Structures are given as structure tokens and as C-alpha cells.
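Residue-level listing of the chains:
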Amino acid sequence: MSVHAMPFQVGVRDLVGKPGQMREHELDVAFGDRVGEGLAVVAAQEPVTVDVRLESVHEGILASGSASVTADAECSRCLETFRLPVQVDFVELFAYIRAEDSEFQVVDDVIDLEQVVRDAVVLALPFNPVDRPDCAGLDPITGERLAPGTEWSPPEQIDPRWSALRGLLDDDEAAQTRAPEKE
Ligand SMILES: [Zn+2]
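Counting starts from 1 at the beginning of each chain's written sequence and moves along it residue by residue. Given that the model is predicted, a residue must reach a pLDDT of at least 70 before its local features are reported, and side-chain atom pairs must reach 80 or more before they are shown or counted; all residues, however, enter totals for whole chains, interfaces and linings. The side-chain values count all of the structure's non-hydrogen atoms but skip hydrogen atoms and water molecules.

Draft legend 1. Region of interest: the side chain of Glu114. By definition, any uninterrupted DSSP run of H or I lasting at least four residues is a helix, any uninterrupted run of E lasting at least two residues is a strand, and each is numbered from the N terminus. With respect to the helices and strands, Glu114 occurs in helix α1 (residues 114-124). Note on definitions: a residue-residue contact is assigned when non-hydrogen atoms from the two residues lie within 4.5 Å. Every residue in contact with Glu114, bar those within four places of it in the chain, is listed here: Phe8 and Phe31.

Draft legend 2. The arrangement of the pairing of strand β5 (residues 60-74) in detail. In this analysis, strands are considered paired if DSSP registers two or more bridges between them. Judged from the two bridges that link them, strand β3 (residues 40-41) and β5 form a sheet pairing that is antiparallel. The partner of Ala40 across the bridge, within β5, is Ala73. Bridge count for strand β4 (residues 48-57) against β5 is nine bridges, and the pairing is antiparallel. When the sheet's bridge partners are listed, Asp51 is paired in β5 with Ser66. Once β4 ends, the chain turns through two residues before running back antiparallel as β5. Pairing between β5 and strand β6 (residues 81-95): 15 bridges, direction antiparallel. Counterpart to Gly65 in the pairing with β6 is Phe90. Hairpin geometry of β5 and β6 is characterised by an intervening segment of six residues between the two adjacent antiparallel strands and by a positive phi of about 70 degrees at Leu79.

Draft legend 3. Structural detail: α1. Only protein chains enter the accessibility calculation, which uses a 1.4 Å probe; a residue whose area is less than 20% of its type maximum is buried, one above 50% is exposed, and one in between is partly exposed. Looking at α1, one finds that the buried residues are Glu114, Val116, Val117, Arg118, Ala120 and Val121. Residues of α1 that are buried in the fold lie against β4, β5, β6 and β7 (110-112).

Draft legend 4. Local environment of the pattern of salt bridges. Note on definitions: salt bridges are taken to be side-chain nitrogens of Lys or Arg within 4 Å of carboxyl oxygens of Asp or Glu. A complete count under the given rule lists 10 salt bridges for this structure. Glu80 serves as the salt-bridge partner of Arg145, at 3.9 Å between the closest nitrogen and oxygen. Here Arg145, found in the loop between α1 and α2 (160-178), pairs with Glu80, found in the loop between β5 and β6; they are 65 residues apart in sequence, far enough to count as distant. What makes Glu80 partly exposed here is its relative accessible area of 35%.

Draft legend 5. Seen up close, the coordination of the zinc ion. A donor here means an N, O or S atom no more than 2.8 Å from the metal, or no more than 3.2 Å when the metal is Na, K or Ca. Since water is not included, a site may seem to lack partners. The coordination sphere of the zinc ion, as far as protein atoms go, consists of Cys75 (SG), Cys78 (SG), Asp131 (OD) and Cys135 (SG), spread over 2.2 to 2.3 Å. A four-donor site is called tetrahedral if each angle lies between 85 and 135 degrees; a four-donor site is square planar, and a six-donor site octahedral, when trans pairs exceed 155 degrees and the remaining angles lie between 65 and 115; all other cases are labelled irregular. For the zinc ion, the four donor atoms in the first shell make angles of 92 to 127 degrees at the metal, so the coordination geometry reads as tetrahedral. Take Asp131: its relative accessible area is 24%, and that puts it in the partly exposed class. Owing to a relative accessible area of 8%, Cys135 belongs among the buried residues under this scheme.

As C-alpha cells, this is what we get:
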């Protein structure tokens, strides 16, 4: 990938002041720094594909489209790392004149899609990613991965170190069972 200081910028001189004109554009770019700070993040040089439709309107340039990228994720249940494809849609007006309700502007016949795409991707990154929908997580005692789709159940022979915890769990369950009677 070639080094480009502002890879998300698109020249729109041909569209400025020509309402009704439109053009499609594809960008193959990278954010240049890590995006996201949870269990799913997009690496700095991860390829980002942006398909954008640029439409000239009276107020400015309307940019709508989609972006796709792959995040590096860690399963929130079993801690396994996996690749998570992320696809986002966006619509944003780049105004000719700065207005109170518009954050983005056409500057020198150029629009910069970076913040638009970045914001959409950050919103789409899951807080609790799972590597597969039926991931059963880890066995709380052995730390081993459980077979997908299985449900962990406590072994019959309780380790003495666990029996105190078991007592707490039983109390908690009893409390939950009693709770509805209070109402
Ligand atoms: Zn998992």
C-alpha cells in the first residue's frame, strides 16, 4: 500500500456547484493507527475498503456508502483470538458553508471521509465479541475450553475450596426464588 498522508480524502471539484451530479468512488486505505480499545480492534495497517457515492446537492456534497474492514478480536467467553469482519454504512453531508448542525465541510474542493468511516467502525465494534454464537466459554474450574454448545455443570465431587462458594450460590438461588413473594 502506498504511503499517503491523507488517504481518506477525495477531490470533488467536478461536483461542486452542480446539484444533481453524482459519482461513485472506491478507496483502498488504512487508518494508520489502531482503532477501538476493547476486545475488538482494527490494526493500524489493516486494509479498509470504502465504497462511496458522492452526490452534489445545493448545500454541499452528500457522501453515502459503506466501508469494510477486518478486526482482530478476542472472544469474551473463551479468550480465543479470531478475525472479525466488520461492515458499516454511512451517510454524511459535507457542507460548503459551515453550519451549526454540520460537522463536515468541503475544504478546497476536497472532502475527508476519515472521521466518518472511523466513527462508524468504532460504533460497530462489539463490546463482547464471541468467536462463534454457541461458544460455551471456559470450564470455571479447569480453565479448559468447553465444547461448543455445551453447558457447564458443577461436578458431583465438590473440591472443598469450592464448597464455600457453592454455599453462597445456593443462598443466592434461594434468595432469587423467594424474591417474587415479596411483591
Ligand atoms: Zn469463544
